[in-house]
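If you want the building blocks of each chain, they are given just below.
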Number of protein chains: 2
Amino acid sequence: MDSDQSFNVLVQGCPSREIMQRLGDKWTPLVLLALAEGPLRFTVLRQRIGTVTPKVLTSTLRTLERDGLVLRTVTAQVPVRVDYELSELGQSLLGPMQAIRVWSEEHVPKVLQARDDFDDREEASRL
Amino acid sequence: MDSDQSFNVLVQGCPSREIMQRLGDKWTPLVLLALAEGPLRFTVLRQRIGTVTPKVLTSTLRTLERDGLVLRTVTAQVPVRVDYELSELGQSLLGPMQAIRVWSEEHVPKVLQARDDFDDREEASRL
DNA sequence: CCGAATCCTCTGTGATACTG
DNA sequence: CAGTATCACAGAGGATTCGG
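In the nomenclature of an unreviewed UniProt entry, chain A is known as Putative transcriptional regulator of Glutamicibacter uratoxydans.

Okay, here's the thing in structure tokens:
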């Protein structure tokens, strides 16, 4: 779209930095990944990603909705039905997010190994 | 390497989740991106990413070193010279990280626009 | 120059209970 | 079902000072 390449996360105060840091919120990546397959209701989404309190999940979803990444749809019925789904913008983030996910899942052994090595060396140097 | 696909960030308690969440620490992405081009000394790295206190930057770097993503090299001289650089593991993360960075920088206008729209709608509904 | 040591603040996160 | 309202807290992050 715009070739205006004036945003740089390495520049302090650049809005892109704040946006990127939002993406690192504790539950944000999990919510986005959970919604990758399609819309989910509040409670189902909650079960999908583990133990989140309603308050925290709500605030995470609100932020995502405000940033235009998630769409919230209320269906009038009793009881009320609320669905959350990725917006077009949210889907455009899916690629990068899944890349992070895949990396994390693939390199678990190496990271854990590195930690063990590090801790061993540390302990050894203390003796 | 191992086709053992038993890690899943959506599963609560899976180590991959904790590792992915580490990647979202406030300064971690910035450090990794700043080191993308090559090794940097502590002070230079610090200036590169903005206003971080030495303590916080040190602890960020320690964690990255422990997880095997960053290499720390001490050169004995007066004053001491310490270089930080990405390990092979760290470099393997560069692709995904840069994807996140590019997305953040490219979609700043859309996100800001979405926020404005959201806030307008919210204010309108309060009247 | 590189950080360790201290102290302190803030806010993201969570536990609990309640409502349309 | 899908939240909101309170309260509470650990711990990440920061300011400041000092040391090798």
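Draft legend 1. Quick look at the protein's contact with DNA strand C. Surveying the vicinity of DNA strand C reveals 17 residues, the closest of which are K26(A), K55(A), T43(B), R72(B) and Y84(B). Side-chain polar atom of K26(A) to a phosphate oxygen of DNA strand C: 2.7 Å apart, as the coordinates give it. Side-chain polar atom of R72(B) to a phosphate oxygen of DNA strand C: 2.4 Å apart, as the coordinates give it. Per-element accounting of the surface near DNA strand C gives the leading share, four residues, to helix α4 (residues 54-66) of chain B. For the surface near DNA strand C, the residue count by class is eight nonpolar, three polar and six charged.

Draft legend 2. Examining helix α6 (residues 94-106) of chain B more closely. Here α6(B) contains 13 residues, and its C-alpha end-to-end distance of 18 Å stays within 8% of the 18 Å for a straight helix at 1.5 Å per residue. All buried positions along α6(B) are accounted for by L94(B), P96(B), M97(B), I100(B), R101(B), W103(B), S104(B) and E105(B).

Draft legend 3. Geometry of the interface of chain B and chain A. Listed per partner, the contact involves 52 residues of chain B and 52 residues of chain A. Buried surface at the junction of chain B and chain A, both sides included, amounts to about 5,000 Å², of which 66% is carbon and sulfur. It is R66(B), W103(B) and R115(B) that lose the most area in chain B upon contact with chain A, and together they represent 15% of the buried surface on that side. In this structure, the connection of chain B to chain A is made through six salt bridges.

Draft legend 4. Main features of the relation of the copies chain B and chain A. Least-squares fitting of chain B to chain A yields an RMSD of 0.1 Å, with the transformation described by 0.0 Å of translation along the axis and a rotation of 180 degrees. This pairing of chains is accounted for by a two-fold axis. Relative to the rotation axis, the closest C-alpha in chain B is found at G24(B), a distance of 2.1 Å.

What counts as what
- Residue positions are given per chain, counted from 1 along the sequence in the order it is written.
- Each chain is given a letter, starting from A, and each ligand a number, starting from 1, according to the order in which they appear as written.
- Side-chain atom pairs in this predicted model are given and counted only at pLDDT of 80 or more, local residue features only at pLDDT of at least 70, and totals for whole chains, interfaces and linings cover all residues.
- Computation of side-chain values covers all heavy atoms of the structure but excludes hydrogens and water.
- Proximity criterion: a residue is near a molecule or strand once any of its heavy atoms comes within 4 Å of it.
- Whenever two N or O atoms come within 3.5 Å, that pair is a polar contact, provided that in protein one can donate a hydrogen and the other can accept it, and provided that, for residues adjacent in sequence, both atoms are side-chain atoms.
- Each helix corresponds to a stretch of at least 4 residues labelled H or I by DSSP, and each strand to a stretch of at least 2 residues labelled E; elements are numbered beginning at the N terminus.
- Polar here means any residue other than Ala, Val, Leu, Ile, Met, Phe, Trp, Tyr, Cys and Pro, which are nonpolar, and Asp, Glu, Lys and Arg, which are charged; Gly is therefore polar.
- What a helix is expected to span follows from its residue count: subtract one and scale by 1.5 Å.
- Burial classes follow relative accessibility: with a 1.4 Å probe on protein chains only, a residue under 20% of its type's maximum area counts as buried, one over 50% as exposed, and anything between as partly exposed.
- Should any heavy atoms of two residues lie within 4.5 Å, those residues are counted as being in contact.
- A 1.4 Å probe defines the accessible area here, and the buried area is the portion of it lost by two parts on being joined, summed over both.
- The salt bridge definition used is simple: a Lys or Arg side-chain nitrogen within 4 Å of an Asp or Glu carboxyl oxygen.
- Fitting of the copies onto one another was done by least squares over C-alpha atoms, counting residues only where both copies have pLDDT of at least 70.

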